[in-house]
Amino acid sequence: MRRYFLLAASLALLLALLFVAWYEKLHPKPVPLTPTLTGQVEYCLTCHSDLAQISNSHPVQTFGCVLCHSGEPLALDANLAHSTMRGGSNPSDFSVVQASCGSDKCHSGTPESYSNHIQRATTSIQATYAGAIANIMFTFGVQPDLTARLGIFSVQVPGSTSGITALAAFDPAQETNPYVKAFGQNCLTCHLSAQPMPGSVYFRFTGCAACHTPTQSADRTSTQQLQSSQIHKLTTSISYTQCDTCHNRGNYDLRSITFTPRQDLPIDRLHDYYQPIAQFTSCEWMLDCVDCHTRTEAMGDGNLYSSKLDIQYIQCKTCHGTLTELPQTRPLTDPNDLAFRLALINPVVDLKLGDTILVTGKNEPLWNTCVLPDGIYQLVGKATGEVFPFKPVMGSACTQNGTDQTSAYCHTCHSVTR
Amino acid sequence: MNKNPEITRRDFLKLASKAVLTAAGLLGLGGLFRFLDTQTEPSPQTDFDLGLPAKYPLGSRTVLADVPALLVHSLGGFSALSLVCTHLGCTVESQVDGFACPCHGSRFDLKGNVSRGPAGKPLNSLKTAITSDGNLHLYTS
């Protein structure tokens, strides 16, 4: 009996060791990477070596994966490796963005170094949604004016130059007004922390990636459907289709306090760009949104505002001037001019010292424009690379009143028929 | 005397137990050696043997991609400049008039001084020496 027991125990031991050896074989051989910035080895490339580099500004050899995504750098088991990732697959979600993209050398630096992106983005009207909330509160008599008091999350900007230094968190559950409550339930799908509505045309990430990670093809005729796990890209080359995951997809109905999606599903740019009722000029649909709207308009300037109208300031005259004034320009004489840095990140133009570019009324560089030797201007599409020559109003047959720069005024003569 | 001895059940069990135990022991020992032999990830290399100095003629500027560094042989001897950008650590590219960082656009002149931000410090100078074996060595720390 003892002999049988010994044999059975030996067999059990051998089988256990064979199982351990087999289980070990299941795990891949780790592929180490020691990023320059961290100096700490990580094994993420063992499984993710086929993932495209996220951008030229974030090379994997320098940044690695863990600096942005967190996670367990030495784990070879997928569940364990991913268990402590920040923001799931999206470390730019505003709930974790400071830990992921922050630090004074990265995106939470100073305005002077043009690296206060997180402070600007999280106080922007697209993040706080303060304008929409203030409008609803005012419309339904909950507050006496249109000044923003609430945002999607509470935020403070002690030195805000806009007059608004803090927003409290908007909590629909605490609201007693039924319309405001309904607004909270039905209409909070398009701020930068909101999960998008179901449907491929609304598909986007949250946080910085809502705009900077392309989830939409630039061409609606493309049948390619992107899966979130396949998208590993950050870009400033942003197509209008990305902006349209929130904009121009429908209307908010104040009677029913619901969002009504647009019903037409055009695939050509002219019909798709704006809703059927919209009026617009050629450049408004041939260019992409980011060709005109500056980084400050889209991402804010670090102050809190009550309406997008308080931060948007680009007008037709910014590029075209008026009958009596040419558009503002700036020769590039400083090698540290912001225009060079922006052009490097999205190299659709090759800016050189001595080039002259257009600038906005706030002296923001329109770095994708230039003044050509014959006095006309040129804009290169940031998302398309397409070249658009254009002329100033001065010297043209235009009979405008230069002080009226509302879009409706210019649309009177220049709107496109579709 | 039995000329054709048949193995008894007892002997078979003994032999089988020994064989299985030996196999398990060897497997266990293999695992133990593997465990003891496990290497932690090696520290980054800091001493680079560049071979004979004659490989780098007077006046040459040689990009050493695996360091990464630029080795310069001038009348004053050998000198080397790190090609790691002082902003965030990307590898800068050697150009006719200096160095350019492809990540965030910093520019450095031929001596490694900053000519355009966001980098705030010049490229690091690296130590070189000809050792007793006659080879040129470059040290990154």
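What counts and how
Residues numbered from 1 in each chain as written. Chains lettered and ligands numbered in written order. Predicted model: local features only at pLDDT ≥ 70, side-chain atom pairs only at ≥ 80, totals over all residues. Domains from an automatic or database assignment. Helix = DSSP H or I, 4+ residues; strand = E, 2+ residues; numbered from the N terminus. Pairing = 2+ DSSP bridges. Axes fitted to C-alpha atoms, helices over the stretch in contact; angles between N-to-C directions. Contact = placed C-beta atoms within 7 Å. Nonpolar A, V, L, I, M, F, W, Y, C, P; charged D, E, K, R; others polar. pLDDT = per-residue confidence, 0-100.

A. Expanded view of the domain arrangement of chain A. Each domain of chain A was delimited in the assignment, giving domain 1 (24–85), domain 2 (117–299) and domain 3 (316–414). For domain 1 of chain A and domain 3 of chain A, the distance between their C-alpha centroids amounts to 43 Å.

B. Highlighting unusual backbone geometry. In this chain, Val-67 of chain B is followed by Pro-68 of chain B through a cis amide linkage whose omega measures -10°. Following the sequence through the fold, Pro-68 of chain B ends up in the loop between β2 (61–64) and β3 (69–74). Gly-117 of chain B connects to Pro-118 of chain B through a cis peptide bond whose omega is 15°. Following the sequence through the fold, Pro-118 of chain B ends up in the loop between β8 (114–116) and β9 (125–130). The backbone phi angle of Asn-363 of chain A is positive, close to 70°, even though this residue is not glycine. In this fold, Asn-363 of chain A is placed in the loop between β7 (356–359) and β8 (365–366).

C. Summary view of the sheet that holds β2 of chain B. Residue and element names in this part refer to chain B. As summarised here, the arrangement of the six strands in space is β1-β10-β9-β4-β3-β2, forming an open sheet in which the pairing is antiparallel. Each edge of the open sheet is held by one strand with a lone partner, namely β1 (47–49) and β2. Sheet twist, expressed as the mean angle between neighbouring strand axes with direction ignored, is 25°. Taken together, the four bridges between β2 and β3 define a ladder with antiparallel strand orientation. Counterpart to Arg-61 in the pairing with β3 is Val-72.

D. Examining the interface of chain A and chain B more closely. With 25 residues of chain A in contact, the opposing surface of chain B contributes 25 residues. Sorting the residues of the side of chain A that touches chain B by element identifies α1 (2–26) and α18 (338–345) of chain A as the ones contributing at least two each. When residues of the side of chain A that touches chain B are assigned to their parent elements, the largest contribution, nine residues, is made by α1 of chain A. Here the side of chain A that touches chain B is built from residues that sort into 14 nonpolar, eight polar and three charged.

E. Geometry of the confidence of the model for chain B. Per-residue confidence for chain B gives a mean pLDDT of 88; residues scoring 70 or more make up 95%. Among the prediction metrics, the complex's ipTM stands at 0.75, with pTM recorded as 0.86.

F. Spatial organisation of the pairing of β9 of chain B. Residues and elements named next belong to chain B. Bridge count for strand β4 (residues 77–82) against β9 is two bridges, and the pairing is antiparallel. Bridging across to β9, Leu-81 finds its partner in Ser-125. Bridge count for β9 against strand β10 (residues 136–139) is four bridges, and the pairing is antiparallel. Within β10, the residue paired with Ala-129 across the bridge is His-137. Between β9 and the antiparallel strand that follows it, β10, lie five residues; Gly-134 among them carries a positive phi value of about 85°.

G. Local environment of the pairing of strand β4 (residues 250–253) of chain A. All names here are of chain A. Here four bridges tie β4 to strand β5 (residues 258–261), and the two strands are oriented antiparallel to one another. By the bridge assignment for β5, Asn-251 is matched with Thr-260. As consecutive antiparallel partners, β4 and β5 are separated by four residues, and within that stretch Ile-257 has a phi angle of approximately 50°, a positive value.

H. Inspection of the sheet that holds strand β9 (residues 369–371) of chain A at higher detail. Residues and elements named next belong to chain A. Taken together, three strands build an open sheet; the order of strands is β9-β10-β11 and the sheet is antiparallel. Each of the sheet's edge strands pairs with one partner strand only, and the pair in question is β9 and β11 (387–390). On average, each strand axis in the sheet is inclined to that of its neighbour by 20°, with strand direction left out of account. Two elements, β9 and strand β10 (residues 377–380), share three bridges in a ladder whose sense is antiparallel. Looking across to β10, one finds that Val-371 is bridged to Tyr-377.

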